Amino acid sequence: MDEAVLQLREIYKSEDTIPFNELQMNFVKITSEILRKSVELLKLEGRIKLEAENLTNKIKNNYETVKYVIGLIMGCFDLLENRLSNKFKNYFHPKKTPWQLYFPPKDRKEIRLWLKDYFNLPQYVNQYHSLSFLFEEWIFTHFREVRHFKAHKEIDTAQTILKNNLYKIEFDNNEYKYTLYQLREIYKDSFGFLLWIKHLVAKIYFNQGDQPLNEDLNKYLLKNY
């Protein structure tokens, strides 16, 4: 608006020679153009918000899927220790988060080991240090906070900086700001981790030595995780 008005000042330098009707029409053009651009900007912010919410939902879904990876690893440790439980909710609980399956609660009501417990045992602490690092320094710090709401019962975070191409996320009373590029990269990382696990399982389950991949393996790899 300021730039457009300054241009008018260059055109109409003398107040005595300003053609009112022409000036009025120029102002109408300026305001119409401003309104048009405002609508476009609002649509742009709406697209940013929509894509950001779509990405954060996908990241959250990928993060929640990690709990099945944790359950699988925990079941392997229990099997090695000859303490495999017949309560499959210990490994694949539908309502517990990856965080709750990984870290033991302060008030233990069950006599069992969580995955963090196994990583701390003397016989495993060095052998599986890189695996614990993967969860604690990457998955739980890289994916866990990326949600577009703090909890199901709370309202969404107010988005006030979309015009700066930034999407806000509030988690554990902290505020995080992401560009769409950053969210896309986090989503690709989360998806890539699960895809890597899927291929690792496939490599073991469908292992045929030097034989070519069979039809069952191809079907397995083509399915969504």
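In this text the structure is predicted, and so the values were computed from the model without any measurement. (Residues numbered from 1 in each chain as written. Predicted model: local features only at pLDDT ≥ 70, side-chain atom pairs only at ≥ 80, totals over all residues. Heavy atoms only, no water.)

K.L.:
Kindly report on the overall build of the protein, identifying the contributing residues and their values.
P.N.:
For the protein, the count of helices and strands is seven helices and two strands. Counting from the amino terminus, the protein carries its helices and strands in the arrangement α-α-α-α-α-β-β-α-α. Across the 225 residues of the protein, 32% fall into the buried class. Nonlocal contacts in the protein, meaning residues at least 24 apart in sequence, comprise 59% of its contacts between residues at least 6 apart. Carbon together with sulfur atoms contributes 55% to the accessible area of the protein, which is approximately 15800 Å² in total. (Helix = DSSP H or I, 4+ residues; strand = E, 2+ residues; numbered from the N terminus. Buried < 20%, exposed > 50% of the residue type's maximum accessible area, 1.4 Å probe, protein only. Contact = heavy atoms within 4.5 Å. Areas by Shrake-Rupley, 256 points an atom, 1.4 Å probe, with all protein chains shown as cover.)

K.L.:
I'd love a proper account of unusual backbone geometry, names of residues and values included.
P.N.:
Note: most peptide bonds trans; most residues except glycine with negative phi. Here Asn-82, not a glycine, exhibits a phi torsion of approximately 60°, which is positive. Looking at the secondary structure, you find Asn-82 in the loop between α2 (20–80) and α3 (98–102). According to the relative accessible area criterion, Asn-82 is exposed, its value standing at 74%.

K.L.:
Explain helix α5 (residues 129–142) to me, and be specific about the residues and the numbers.
P.N.:
For α5, which comprises 14 residues, the first-to-last C-alpha distance of 18 Å matches the rise-based estimate of 20 Å (1.5 Å per residue) to within 8%. Among the residues of α5, those classed as buried are Ser-132, Phe-135, Glu-136, Ile-139 and Phe-140. (Expected span 1.5 Å × (residues − 1).)

K.L.:
Before we move on, can you summarise the packing of aromatic side chains with the specific residues and values?
P.N.:
One pass over the structure, following the stated rule, counts 20 aromatic pairs. Ring geometry for Tyr-118 and Tyr-124: centres 6.3 Å apart, planes at 70°, overall edge-to-face. The same class applies to Tyr-118 as to Tyr-124, namely buried. Pairing Trp-138 with Phe-193 gives two aromatic rings, centres 5.9 Å apart and planes at 70°, and the pair type is edge-to-face. With Trp-138 in helix α5 and Phe-193 in helix α6 (residues 180–205), the pair connects residues that are 55 residues apart, well separated along the chain. (Phe/Tyr/Trp six-rings, centres within 6.5 Å; stacked < 30°, edge-to-face > 60°.)

K.L.:
Which residues make up a nonpolar patch on the surface, and what values do they have?
P.N.:
Residues Tyr-68, Leu-72, Phe-88, Phe-92, Val-201 and Tyr-205 make up a contiguous nonpolar surface patch of about 640 Å² in total accessible area. When residues of the nonpolar patch are traced back to their parent elements, those giving at least two are α2 and α6. (Patch = residues over 30% accessible without salt bridge, like charges linked within 9 Å, V, L, I, M, F, W, Y side chains within 5 Å. Salt bridge = Lys/Arg side-chain N within 4 Å of Asp/Glu carboxyl O.)

K.L.:
I'd like a rundown of the pairing of strand β1 (residues 167–171), residues and numbers included.
P.N.:
With four of five residues buried, β1 lies mostly within the body of the structure. Sheet analysis places β1 next to strand β2 (residues 174–178), joined by five bridges and oriented antiparallel. Considered in β2, the bridge of Ile-169 is made with Tyr-176. Linking two consecutive strands that pair antiparallel, namely β1 and β2, is a turn of two residues; a positive phi of about 50° is found at Asp-172 within it. (Pairing = 2+ DSSP bridges.)

K.L.:
Provide a residue-level description of the side chain of Arg-144, including the pertinent values.
P.N.:
Note that Arg-144 resides in the loop between α5 and β1. Judged by relative accessible area, which is 17%, Arg-144 ranks as buried. Those residues in contact with Arg-144 that sit more than four places away from it in its chain are Tyr-63, Trp-99, Ile-139, Phe-171 and Asp-172.

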